[in-house]
Amino acid sequence: MDTLQREGDELEWKESARWVKFEEKVEEGGERWSKPHVSTLSLHSLFELRTCLQTGTVLLDLEGYSLPQIVDDIIERQIEEGMISPELRDKISFVLLRKHRHQTKKPIHRSLADIGKSGSSASESHAQSRSMNDIADTPSTDQLKNKFMKKIPRDAEASNVLVGEVDFLNKPFVAFVRLAQATTLGGLTEVPVPTRFLFILLGPQGKAKSYNEIGRAIATLMVDDLFSDVAYKARDREDLIAGIDEFLDEVIVLPPGEWDPKIRIEPPKKVPSADKRKSVFSLNELGQMNGTAGGKGALDQDEEMPEQHELGEELAFTGRFCGGLFLDIKRKLPWLPSDFYEGFHIQSISAVLFIYLGCITNAITFGGLLGDATDNYQGVMESFLGTALAGSVFCLFSGQPLIILSSTGPILIFEKLLFEFSKNNGIDYMELRLWIGMHSCLQCFILVATDASYIIKYMTRFTEEGFSSLISFIFISDAIKKMVGSFKYYPINTDFKPDYVTAYKCECLAPDPSDVSGLNVTGLDWSQLSKKECLKYGGSLVGKSCKYVPDLALMSFILFFGTYSMTVSLKKFKFSRYFPTKLRKLISDFSIFMSIMTFVGLDMLMGLKTPKLIVPTEFKPTRPDRGWLVMPFAKNPWWVYVASFVPALLVTILIFMDQQISAVIVNRKENKLKKGCGYHLDLFWVGVLMAACSFMGLPWYVAATVISIAHIDSLKMESESSAPGEQPQFLGVREQRMTGLLVFALTGVSIFLAPVLKFIPMPVLYGVFLYMGVASLSGIQFWDRIKLYMMPSKHQPDFSYLRHVPLRKIHLFTLVQILCLAVLWILKSTFLAIIFPVMILGLMVVRKMLDMVFSQHDLAWVDDLLPGKEKKKKEDNKKKGKEVEKEKKKFIVIFIFVSSFSEHSWLHVGVE
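Everything numeric in this text was worked out from a predicted model, so none of it was measured.

The rules behind the values
- Residues numbered from 1 in each chain as written.
- Predicted model: local features only at pLDDT ≥ 70, side-chain atom pairs only at ≥ 80, totals over all residues.
- Heavy atoms only, no water.
- Helix = DSSP H or I, 4+ residues; strand = E, 2+ residues; numbered from the N terminus.
- Contact = heavy atoms within 4.5 Å.
- Areas by Shrake-Rupley, 256 points an atom, 1.4 Å probe, with all protein chains shown as cover.
- Buried < 20%, exposed > 50% of the residue type's maximum accessible area, 1.4 Å probe, protein only.
- Salt bridge = Lys/Arg side-chain N within 4 Å of Asp/Glu carboxyl O.
- 1 Å grid on protein atoms, 1.4 Å probe; cavity = no way out; pocket = protein on both sides within 12 Å on 5 of 7 lines; lining within 4 Å.
- Points joined across faces, edges and corners; volume = space filled by probe spheres on them.
- Nonpolar A, V, L, I, M, F, W, Y, C, P; charged D, E, K, R; others polar.
- Phe/Tyr/Trp six-rings, centres within 6.5 Å; stacked < 30°, edge-to-face > 60°.
- Lys NZ or Arg CZ within 6 Å of the ring centre and 35° of its normal.
- Pairing = 2+ DSSP bridges.
- Disulfide = S-S within 2.5 Å.
- Axes fitted to C-alpha atoms, helices over the stretch in contact; angles between N-to-C directions.
- Parallel < 35°, antiparallel > 145°, perpendicular 65-115°, else oblique.
- Left-handed = near helix turned anticlockwise from the far one by under 90°.
- pLDDT = per-residue confidence, 0-100.
- Polar contact = N/O pair within 3.5 Å; in protein donor to acceptor, adjacent residues only side chain to side chain.

Q: A description of the overall build of the chain should follow, citing residues and the corresponding values.
A: Along its length, the chain carries 34 helices and 17 strands. Taking the contacts inside the chain whose residues are at least 6 apart along the sequence as the reference set, 79% of them involve residues at least 24 apart. Total accessible area on the chain stands at roughly 47500 Å², and carbon and sulfur atoms take up 61% of it.

Q: Tell me about helix α11 (residues 323–332), and please be specific about residues and values.
A: Residues of α11 that are buried: G323, G324, L325, D328, R331 and K332. Here the buried face of α11 lies against α12 (336–341), α16 (429–449) and α24 (679–696).

Q: With reference to specific residues and values, describe the pattern of salt bridges.
A: By the definition in use, this model includes 34 salt bridges. Ionic pairing is found between R668 and E464, a salt bridge with its closest N-O pair at 2.3 Å. Of this pair, R668 sits in the loop between α23 (645–666) and α24 while E464 sits in helix α17 (residues 461–489), and the two are 204 residues apart along the sequence. Accessibility assignment for this pair places R668 and E464 in one class, buried. Here R623 ties to D625 by a salt bridge, and the two come within 2.7 Å at their closest N and O atoms.

Q: Outline the environment of L97, listing residues and values.
A: With respect to the secondary-structure elements, L97 resides in the loop between α3 (89–96) and β7 (100–103). Judged by its relative accessible area of 23%, L97 is partly exposed. Between the C-alpha atom of L97 and that of L67, which follows or precedes it by 30 residues, the distance is 7.6 Å.

Q: If you had to explain empty space enclosed by the protein to someone new, which residues and values would you point to?
A: Under the definition given, this model contains 10 cavities of 30 Å³ or more. Each pocket or cavity is described by its volume, and for the largest cavity that value is around 70 Å³. Surrounding the largest cavity, F354, K571, V706, I709, A710, D713, S714, Y771, M772, A775 and S776 form its lining. At the level of elements, α25 (705–714) and α28 (762–777) are the ones that each hand at least two residues to the lining of the largest cavity. Of the residues in the lining of the largest cavity, the class split is 7 nonpolar, 2 polar and 2 charged. Within this model, the second largest cavity holds a volume of roughly 60 Å³. C359, N362, A363, F366, S383, T387, L405, S406, S407 and Y701 together form the lining of the second largest cavity.

Q: Pulling in residues and values, what's your account of the packing of aromatic side chains?
A: Taken as a whole, this structure holds 20 aromatic pairs when the rule is applied. Seen in terms of ring centroids, W435 and Y641 are 4.7 Å apart; in terms of plane orientation they differ by 25°. Their pairing is stacked. Placement of W435 in helix α16 and of Y641 in helix α22 (residues 638–643) is noted, with a sequence separation of 206 residues between them. Each member of the pair, W435 as well as Y641, carries the same accessibility label: buried. Between F462 and F813 the ring centres are 5.7 Å apart and the planes differ by 70°, which places this aromatic pair in the edge-to-face class. You can see F462 sitting in helix α17 and its partner F813 sitting in helix α31 (residues 807–828), a full 351 residues away along the chain. Over the ring of F94 we find R98, and its NZ or CZ is 3.9 Å from the ring centre.

Q: Give me the sheet that holds strand β4 (residues 23–27): which residues, what numbers.
A: Strand pairing in a sheet is mediated by backbone hydrogen bonds. Such pairs are either parallel or antiparallel. Judged by pairing direction, the sheet is antiparallel, and its 3 strands sit side by side in the order β3-β4-β5 without closing on themselves. Sheet topology places β3 (17–19) and β5 (32–33) at the edges, where each strand pairs with a single neighbour. Across 3 bridges, β3 lies against β4 in antiparallel orientation. Across the sheet, the residue bridging to W19 is E23, located in β4.

Q: If you had to explain the state of the cysteines to someone new, which residues and values would you point to?
A: Scanning all chains against the criterion turns up 0 disulfides. The thiol sulfur of C395 is not disulfide-bonded, and the nearest other cysteine sulfur, from C359, lies at 9.0 Å.

Q: Describe the packing of helix α29 (residues 781–788) against α31, naming the residues involved and giving the relevant values.
A: Running from amino to carboxyl end, α29 crosses α31 at an angle of 115°, the nearest separation of the two axes being 10 Å. Considering their axes alone, α29 and α31 lie roughly perpendicular with respect to each other. When you trace α29 past α31, the crossing you get is left-handed. Here α29 contributes F782, R785, I786 and L788 to the contact with α31, which in turn contributes I810, H811, F813, T814, Q817, I818 and L821. Partitioning the contact of α29 with α31 into residue classes produces 7 nonpolar, 3 polar and 1 charged.

Q: Now, about unusual backbone geometry: what can you tell me, with residues and values included?
A: Phi is positive for D61, which is not a glycine, with a value near 60°. Note that D61 resides in strand β6 (residues 57–62). For D61, a relative accessible area of 43% translates into the label partly exposed. The backbone phi angle of D451 is positive, close to 55°, even though this residue is not glycine. Looking at where D451 falls in the secondary structure, it is placed in the loop between α16 and α17. Assessed through its relative accessible area of 2%, D451 is described here as buried.

Q: Describe in detail the confidence of the model for the chain, supporting the description with residues and values.
A: Of the residues in the chain, 82% reach a pLDDT of 70 or more, and the chain-wide mean stands at 79. Long-range and interchain partners of residues 283–303, a stretch whose pLDDT sits below 50, account for 20 contacts in this model, where long-range means more than four residues apart. Across residues 888–912, confidence stays below pLDDT 50; counting only partners more than four residues off in sequence or on other chains, it has 0 contacts.

Q: Just give me the short version of the side chain of S228, but keep the residues and values in it.
A: Secondary-structure assignment places S228 in helix α8 (residues 225–233). There is a polar contact of 3.0 Å between the side chain of S228 and the backbone oxygen of D225. S228 has contacts with L221 and M222, leaving out every residue within four places of it along the chain.

Structure below.
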């Protein structure tokens, strides 16, 4: 928006404000643009604008190619309609064609050389900071170099507003112009954006503030999605006025005594879309936007329902043999090329480094536990090889390559129980495990062929959040347990007194020669032996410092908590006020890598012997007496091959539930995935890998919920060019196969990276685990509802479900979830963890029983409706709608009858 200014004897148009989405004003004192803010308009200015459009000139689809020609056409129309006299033509044209001065941004910093310049140089640079452009047909150099162009959406068109007061008019000169084709009008705009609309308001002197407010009103309307749509499609003046009336219908008035107009309202993080505003407007319930303020009407607020979570056609029951599998392949095949070339992005590098470190830590942890549970039949080497093989194949051929495969706790428990059973009954463990794997593979194929994944439709938010919260808490507790374990291994000397530092020592005393047989202890210098050598030769350690290792526990905690806290801080850095947007986003994307490198460097600088990452250095089985292939026959009796079908059924249930629930969480609509998913295809490849890993004696793998969520988070995309004040919009996830393939390829070659990986302290990786667990809790409604227990009502966030469901019912629903989570946690911590997948099915039963406690309306807001219930709810709403219509018709008939009766009675009385 430009306002007419007088500089000495000269008139010029000076830019005073601009709108891309929010308003920015020119702050004269600071010679800069203000922060973007929400435009606050007076109702009076909107009504005056309406009057201007009613009485002024409206030219729609004008053929205009230059500003002088457009101005001549406007003046000619006003003269023809008798709005101005012909004598004013030259004066108005002279004013409208004055030069335009735009406010350009100054550089943020000045070099030392600039600071040392003379005052004349400073004044010269000040003059150059403002571009003085005459009206020209082509954009100036300053316009073309303006960096503000990056903030403007592609294919944008400008609406120019010119307002001012002159001394030769006795009534306002108003014109609204829409050009047939958007045209670049030279120096009229700050940046070379083609102009589509032009609003001109010139008026008598003394009302400059009123003219300015009218200009702000039309500028605000033009950036409103609904009104701009009207302006583009308007056929005449009445359409524009109707558009203003619709805008006024949505206007919310702030009482002047309770609000300071000088306050600039910060842009909201999220604004309703134009489509949503249209749907709200069409209901004629605009008085209900901020809540219900009275009794219940025909369309009660209880009738309002949230948008339901739909799993889509991927889980539709086809009724054909392998129908779902064929549809998954058909759906994913066209996206296969883009799955590879879209992975070539700098964001993928940060995702690979992050997930790789999580995967190898997980592989080492589970490999060590498997080695202890199976007497090294499966160990760290098998865990690395299995992770690399299963993960690579799955990422290459699966329906959802963003899912990361890993070993899980229930599988570990099953392996431990299976090994103990085999050992106690004289059965070969590896051969029995092979047959269980083959049976489980066959059972997975049967589930795929019969579209059994359809059952996932009955898993609502209640089940999903219970499962994902449990896995997240497992990650958090395991990370903390390992950190606490280092304090036990390297205890802190709480009785240490600095004044008695001379008393802290540790000596090795020689054993009694009579107690040592077969060893010449007299020739040893016991005072020079190390701690391990002293104990090895039967000596004893005496002294106050023998039990303690100084600094290691504290240093481990610094590395652990420092990695976690730095990662959280850098992840949020993209929302800070410092540095350009691209640099902030780069720092946020590489937050994990930067945190790890920082604390690895700190550990190397301190030089303490903190526990380090230990990776196998030789490619060979952990147990020397086993090979890389397991033979299916010869070691066990024949009945074992058949009987293994029973434990395989338990493994299949475990695999199915773990895999499909993780897939549902990854594929939720909040992630805005565009390439679809493939539940049947995923389960097919998990079954194939079950058989392959069983033949090679490798661990079994299934979707890892927390690491998969971390993978999704590390690949989230946001809009790069956004309007000033507008928050970057979440666009979706970079869906591709390259990051997973690179992660598992690096896992496979980790034995060759051992010389580098050995410098990474384990507490740093525990910090990464803690971050994964905490980050996966964000966005879970269950976790948000738990926090409501500790918040007074007035401090609770404005969650949508709090507006529609009583707080006591929300607390009751959350309490049920907490109890279910506690039961799952207890089962997980005992030998009953093997029935964990059955308990997940139990969650579905509990959710079904909640239908008897809560209404469908309440469940729709705090959970998802079950498929059958959702249909029933729609039918009930339709039935209620018909009843409301009948009541309306009945009321209208009664009203007409009463009116007619009253009229008849009045006429009858009049005659008498």
